[in-house]
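# Architecture at a glance
Each chain, written out:
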Amino acid sequence: MKIRTVIVDDEPLARSRLKTLLKAESDIELLAECATGQEAIETLDAKSPDLVFLDVQMPELSGFDVLDALKQRPLPRIIFVTAHDQFALKAFEVHAIDYLLKPFDRERFQQALDRAREELRRQDPSAINDRLTALLAELPGTARAPDRLVIKSGGRVILLKLADIDWIEAADNYLNLHLGNETHLHRETLSSIESRLPAGQFLRISRSTIVNVDRIKELQPMFHGDYVVILRNGTRLNLSRTYRDQLQKLL
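Residues numbered from 1 in each chain as written. Predicted model: local features only at pLDDT ≥ 70, side-chain atom pairs only at ≥ 80, totals over all residues. Heavy atoms only, no water.

### Quick notes on the pattern of salt bridges
When charged atoms on two side chains of opposite charge get close, those side chains can pair. Tallying each qualifying case throughout the model produces 14 salt bridges. The shortest N-O distance in the salt bridge between Lys102 and Asp9 comes to 3.0 Å. One end of the pair, Lys102, is in the loop between strand S5 (99-101) and helix H5 (106-122); the other, Asp9, is in the loop between strand S1 (3-8) and helix H1 (12-23), and 93 residues separate them in sequence. When the shortest N-O distance is used, the salt bridge between Asp27 and Arg117 registers 2.7 Å. On the criterion of sequence distance, the pair formed by Asp27 in the loop between H1 and strand S2 (28-34) and Arg117 in helix H5 is long-range, its members being 90 residues apart. Each of Asp9, Glu11, Asp55 and Lys102 takes part in one network of salt bridges that share partners. (Salt bridge = Lys/Arg side-chain N within 4 Å of Asp/Glu carboxyl O. Helix = DSSP H or I, 4+ residues; strand = E, 2+ residues; numbered from the N terminus.)

Below is the structure:
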């Protein structure tokens with residue numbers, strides 16, 4: 001059975017090098033080459049490969065951003081390709097996730113590929129997802145571009161600046177992300193996205209609502225200790241008593 005493989009790297013020479021090495025492997029089927037993170041998200045979502053060689057440092061969307069956008073689905077076996085991120089290398093080793101440090105030779109490439117083959121033989125995608133999730137949670141903000149959110153909406157991959165989000169509304173297993181006059185539907189739970197947002201910038205004010213603190217204009221008291229949160233654009237949101245103390249402390 002062929003190992004369906006995708007290469008993701010913004011450098012043409014790096015893609016060419018990997019392609020040459022992979023051509024010598026009889027059990028590899030190269031599905032696609034991607035030069036950008038956005039192209040990678042669309043390709044991985046459409047083709048569901050078994051193995052991905054994923055560059056860490058890319059403009060606009062890093063390799064970590066790509067995984068972040070796809071984390072709600074089963075992920076392929078990942079071999080990261082990186083030039084100099086020493087923290088990431090240590091994290092890869094801790095979580096038993098393989099990497100290639102540029103420039104790498106054929107022997108190191110073969111070692112990484114053999115490890116990938118062994119993992120694919122075990123057929124345990126949940127273990128791969130667990131390790132990658134733990135890796136993403138551990139990586140520092142500088143590696144993960146925390147000022148942006150990568151979402152899939154209406155078949156498109158969209159980069160949203162966190163500072164542009166006014167508020168977030170839960171809708172079962174989906175979220176409505178409100179940015180001015182725009183609303184984007186995104187598949188993720190409120191608890192999941194809350195764990196990824198900067199605590200000092202975003203705050204949960206009810207079971208179904210997270211608000212950008214910078215967008216709050218005023219609080220108006222209601223009955224039984226509840227409040228109405230009024231945003232600068234006039235939007236009115238309910239603040240439940242359960243979350244009132246957290247907001248008052250932050251403000």
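### Considerations on the sheet that holds strand S14 (residues 227-231)
Ordered by their spatial adjacency, three strands build an open sheet running S13-S14-S15, and the pairing between neighbours is antiparallel. Both outer strands of the open sheet, strand S13 (216-221) and strand S15 (236-239), are each paired with one neighbouring strand and no more. Sheet twist, expressed as the mean angle between neighbouring strand axes with direction ignored, is 30°. (Pairing = 2+ DSSP bridges. Axes fitted to C-alpha atoms, helices over the stretch in contact; angles between N-to-C directions.)

In short, the description is geometric, and any link to function would need to be established separately.
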